[in-house]
Amino acid sequence: MRHPKVYSKYLHYLSNYTNTGKIGNILLNQYEARTKRVKLSSRPYKITIDPGNFCNLRCPGCHTGIKHPEMIEPGFMKLNDFKTIFSQLEPYAISVALYNWGEPFLNKQIFDMIAHATEHGVGTTLHSNFNVFNAAMAENAVKSGLTHIYMSIDGSTQEAYSKYRVRGNLEHVMDNLKLLLETRKRLNSKFPIITWKFLEFAHNAHEKEEAKRRADLMGVDAFEAFVGRPKLTDIYDEAEAYKNSETKSVKKEKCPSLWSSIYVNADGAVLPCSLAYRENEVFGNLLHNTLDEIWNNDKYIESRKIFRGTADADKVPLPCKACKYYLMCKGEDARV
């Protein structure tokens, strides 16, 4: 269950970043998803723009951390490219997630991106390992209008923390967290809302309650724990696990991302879901094509057809053709 304080960001979004056009697009999108439309009049309203697919840590559950040989070339998004991409998504966005597979604070223009989104009526969320931070960045985080930040802190001791956050320094992270809390208070701001995100593994489960206690003492807004994956699990791994499972759902689930969400890599590449990261999984590029051209192109349409049972197997692109949802709809290896 989410901490009640986290919901204040949604009230903030509704109060400051919505209009009739955005709400109308969301309602239309949900209708088109429910009726399994394949060519959409609505546009994505769940927006992720990755400022950089590069990280300072080496977490084993992340393709960036392990430097997966098939990943898109690491790099950082430039501010002008962000503005080009953002301008196409802004009319539909209530908030934008400025993270995906990298550490956003490594991009030296991240606060300019946040400020640009804020000025154009869109909220912002970041995920950070918080090893890269300083006093000037704390000021910018507050003054740029950042709405919400998740801090990935998986332990209360360096020994447990560093088993997953390889190269991370817990003491340094805690100093940075204290710095942001103090800066926010000094500037008399409620934002950014700060969530301590704890990935739970066998090696750190015994430290979860101590981490939560420490978060409460420091005045962190929320503490959320999630089951962690100790090694990279992508679309292909999930599909394999589904095929090998002894029980399978009778219900044919639908992938929501193909209707509601868009994931933009640092180089402008558009990916169909959060688990995609390979060059051969790209559906277009918002620096070379318009959103309208990409959103209803052959790759998106053929992928949406999976859930109507009308897809041509030879035309379904990766990664959708290798996804567990595809197997569900085909009934492959189903034991029902």
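To be clear, the structure that these remarks concern was listed above.
Small disclaimer: the values here were computed from a predicted structure and weren't measured.

With that out of the way, let us pick up empty space enclosed by the protein. Counted under the stated rule, the structure contains 1 cavity of 30 Å³ or more. If you trace the largest cavity, you find it lined by N53, H63, I72, W101, N265, L271, A276 and Y277. Per-class residue counts for the lining of the largest cavity are 5 nonpolar, 3 polar and no charged.

Further remarks concern the packing of helix α5 (residues 135-143) against helix α7 (residues 170-186). Their axes nearest at 9 Å, the elements α5 and α7 cross at an angle of 50°. What the angle tells us is that α5 and α7 run oblique. Both α5 and α7 take part in a crossing whose hand is right-handed. Taking contact as the criterion, the partners of A135, A138, E139, A141 and V142 in α5 are, on α7, L179, L180, T183, R184 and R186. Across the contact of α5 with α7, the residue classes tally to 6 nonpolar, 1 polar and 3 charged.

Along the chain, R184 falls in helix α7. Other than its neighbours up to four places away in sequence, R184 contacts V142, S189, K190, F191, P192, I193, I194, G219 and D221.

Along the chain, T157 falls in the loop between β4 (148-152) and α6 (158-164). The spacing of T157 and L170 is 13 residues in sequence and 7.2 Å in space, taken between C-alpha atoms. Among all residues touching T157, those that are not within four sequence positions of it are L170 and E207. Polar contacts involving the side chain of T157 include one to the side chain of E207, which spans 2.5 Å.

In this section: the sheet that holds strand β3 (residues 123-128). Read across the sheet, 9 strands follow the order β6-β5-β4-β3-β2-β1-β7-β8-β9 without closing on themselves; strand pairing throughout is mixed. Single-partner strands in this sheet number two, and they are β6 (222-227) and β9 (284-285). Along the sheet face, helix α3 (residues 79-89) touches β1 (46-49) and β7 (261-264) and points at about 175° away from the line of β1. Lying over the sheet, α7 contacts β4 and β5 (193-200), oriented at roughly 160° with respect to β5.

Turning our eyes to something else, we now look at unusual backbone geometry. Cis peptide bonds are those with omega within 30 degrees of zero, and the linkage from F191 to P192 qualifies with 5°. That bond from L318 to P319 is cis: its omega, 5°, falls within 30 degrees of zero. Counting through the fold element by element, P319 comes out in the loop between α12 (298-305) and α13 (324-330). One non-glycine residue, K36, adopts positive backbone phi at about 60°. Tracing the chain through its elements places K36 in the loop between α2 (20-34) and β1. Unlike most non-glycine residues, N188 shows phi in positive territory, near 55°. As for its position among the elements, N188 is in the loop between α7 and β5. A relative accessible area of 72% means that N188 is categorised as exposed.

What counts, and where the lines are drawn
Residues numbered from 1 in each chain as written. Predicted model: local features only at pLDDT ≥ 70, side-chain atom pairs only at ≥ 80, totals over all residues. Heavy atoms only, no water. 1 Å grid on protein atoms, 1.4 Å probe; cavity = no way out; pocket = protein on both sides within 12 Å on 5 of 7 lines; lining within 4 Å. Points joined across faces, edges and corners; volume = space filled by probe spheres on them. Nonpolar A, V, L, I, M, F, W, Y, C, P; charged D, E, K, R; others polar. Axes fitted to C-alpha atoms, helices over the stretch in contact; angles between N-to-C directions. Helix = DSSP H or I, 4+ residues; strand = E, 2+ residues; numbered from the N terminus. Parallel < 35°, antiparallel > 145°, perpendicular 65-115°, else oblique. Left-handed = near helix turned anticlockwise from the far one by under 90°. Contact = heavy atoms within 4.5 Å. Polar contact = N/O pair within 3.5 Å; in protein donor to acceptor, adjacent residues only side chain to side chain. Pairing = 2+ DSSP bridges. Buried < 20%, exposed > 50% of the residue type's maximum accessible area, 1.4 Å probe, protein only.

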